[in-house]
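In case you want the letters, here they are:
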Amino acid sequence: MYAWLVRLGAYCGLFTAPVVLGAALAQDYGDTPYVQTPQVVVDKMLEIAKIAKNDYLIDLGSGDGRMIITAAKRYGARGFGVDLNKSLVTLANRNAAKAGVANRAVFYERDLHETDITKADVLTIYLLPEVNLMVRPRILALKPGTRLVSHDYGFGEWPPDIELTMDAPGKPVGRDQKSKVMYWVVPARVAGKWVWQGPAGPYELQLEQVFQKLTGTLSVGGKRVAIDKLALTGERITFEAALDQGQHEFSGKIMNNSIAGDSRKFGAGASAGTASGRQAWSATRTELREPRFTDLKPGITAR
Ligand SMILES: C[S@@+](CC[C@H](N)C(=O)[O-])C[C@H]1O[C@@H](n2cnc3c(N)ncnc32)[C@H](O)[C@@H]1O
């Protein structure tokens with residue numbers, strides 16, 4: 001246990017004396033010692049993840065249950081938490097009953113590595129960084145659009161979509177009473193060649209993908225055109241392209257090997273098209289490529 005606390009203390013910028021403080025307030029029940037997320041940080045994590053009534057949450061390493069209980073109480077959401085420690089699980093279920101949400105917030109004594117997470121709309125996590133890395137492949141295999149919010153620690157090279165540092169009064173570890181909150185959306189797999197037809201000939205969009213980050217080229221009738229603001233959030237792709245008829249914004253939903261959405265001309269002459277200026281747009285993937293969902297090994301350069 002002491003070794004884990006030293007490590008958690010070190011991650012938090014702590015060394016000797018504060019470890020003693022951590023030892024008083026944290027207990028080691030498995031991969032990651034028990035340290036409570038302060039309630040203000042729980043509130044911020046749920047706010048950033050935009051929890052809604054229909055969301056199903058899973059908390060990996062649920063401690064006293066505060067994450068799922070708050071989501072159920074404040075947003076009417078449902079979910080479950082798992083923890084290796086039996087007494088924490090008993091406490092969490094008791095806390096859920098006290099809060100009047102036992103029908104929507106349930107806790108199980110279970111190893112997070114053996115927990116089915118495929119039903120999650122939102123995953124909440126406060127685990128050590130290497131434990132996060134162990135779970136990451138399973139998270140990246142979840143349905144695109146699944147949201148992930150983590151307290152303090154990231155997921156290796158997978159860059160968060162949102163990251164902030166906030167005051168965390170009463171936090172039992174760390175020198176400065178601060179917490180980091182990080183948020184990700186599981187990206188669709190969009191790498192490859194996408195084609196569609198338009199007035200100027202075939203459009204060919206070549207996409208490379210590293211986690212949710214895209215780079216790409218677009219050619220229209222065999223001629224390269226500039227693209228900009230290429231972005232992927234879950235299953236939604238957006239970009240802008242400088243076409244002969246003017247600057248266009250494309251937006252679509254990815255469903256395996258097809259994209260369906262719309263395009264909109266903007267800037268000078270933007271009145272063309274439908275009343276809203278939007279026209280239906282769809283594309284088909286004709287060549288599939290694997291996205292890079294792993295950290296780089298030493299000696300390998302990022303594309
Ligand atoms: C840092 S605490 C976070 C507690 C709670 N989520 C919170 O934010 O207040 C990590 C929790 O994960 C639990 N834990 C560690 N390894 C686990 C594992 N393999 N499976 C399930 N729970 C685990 C610990 O018992 C502890 O309660």
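The shown structure was predicted, so the numbers you read here are calculated from the model rather than taken from an experiment.

Conventions and cut-offs
- Residues numbered from 1 in each chain as written.
- Predicted model: local features only at pLDDT ≥ 70, side-chain atom pairs only at ≥ 80, totals over all residues.
- Helix = DSSP H or I, 4+ residues; strand = E, 2+ residues; numbered from the N terminus.
- Buried ≥ 20, exposed ≤ 12 C-beta atoms within 10 Å, placed from the backbone.
- Contact = placed C-beta atoms within 7 Å.
- pLDDT = per-residue confidence, 0-100.
- Core = buried A, V, L, I, M, F, W, Y, C linked by C-beta atoms within 7 Å.
- Pairing = 2+ DSSP bridges.
- Axes fitted to C-alpha atoms, helices over the stretch in contact; angles between N-to-C directions.

1. Some remarks on the overall build of the protein chain
Check the secondary structure of the protein chain and you find 6 helices and 18 strands. Across the 303 residues in the protein chain, those meeting the buried criterion constitute 36%. Put simply, 54% of the contacts in the protein chain that link residues at least 6 apart link residues at least 24 apart.

2. A short note on the environment of Pro-38
With respect to the helices and strands, the residue Pro-38 is situated in the loop between strand E2 (33-34) and helix H3 (39-48). For Pro-38, a count of 20 C-beta atoms within 10 Å translates into the label buried. Setting aside anything within four residues of it in sequence, one finds Pro-38 in contact with Ala-168, Pro-169, Gly-170, Lys-171 and Ser-179.

3. Points about the environment of Leu-60
As for its placement among the helices and strands, Leu-60 is situated in strand E3 (residues 56-60). Take Leu-60: there are 27 C-beta atoms within 10 Å of it, and that puts it in the buried class. Taking the C-alpha atoms as reference, Leu-60 lies 7.0 Å from Asp-83; in sequence the two are 23 residues apart. If we skip the residues at most four places from it in the chain, Leu-60 touches Val-82, Leu-112, Thr-115, Leu-123, Ile-125, Leu-127 and Val-135.

4. Some remarks on the confidence of the model for the protein chain
Of the residues in the protein chain, 85% reach a pLDDT of 70 or more, and the chain-wide mean stands at 88. Here residues 1-6 scores under 50 on pLDDT; set against residues more than four positions off or in separate chains, the count is 10 contacts. Counted against residues more than four places away or in other chains, residues 12-30, with its pLDDT under 50, gives 39 contacts.

5. What about the nonpolar core?
Judged by nonpolar contacts, the single largest core of 46 residues is most densely connected at Leu-60, Ile-68, Ala-71 and Leu-123. With 5 residues, the top contributor of residues to this core is helix H4 (residues 66-75). Setting aside residues up to four positions removed in sequence, Leu-123 forms contacts with Ile-58, Leu-60, Ile-117, Ile-139, Thr-146 and Leu-148. Ranked by size, the runner-up nonpolar core spans 16 residues in total, among them Trp-194, Tyr-203, Ile-254 and Ala-283.

6. Some remarks on the sheet that holds strand E14 (residues 227-233)
What the 9 strands build is an open sheet, ordered E13-E12-E11-E10-E18-E17-E16-E15-E14; its pairing is antiparallel. Across the chains shown, the open sheet's two edge strands, defined by having one partner strand only, are strand E13 (223-225) and E14. Ignoring which end each strand starts from, the neighbouring axes of this sheet average 25 degrees apart. As paired elements, strand E11 (residues 201-210) and strand E12 (residues 213-220) share 8 bridges and run antiparallel to each other. Paired with Gln-209 across the two strands is Leu-214, which belongs to E12.

7. Structural notes on the pairing of strand E17 (residues 258-266)
Pairing between strand E16 (residues 246-255) and E17: 9 bridges, direction antiparallel. The residue bridging His-248 from the neighbouring strand is Lys-265, located in E17. Between E16 and E17, which pair antiparallel one after the other, the connecting turn spans 2 residues, and Asn-256 there sits at a positive phi close to 50 degrees. Relative to strand E18 (residues 278-288), E17 runs antiparallel, the two being bridged by 7 bridges. When the sheet's bridge partners are listed, Ile-259 is paired in E18 with Ala-283.

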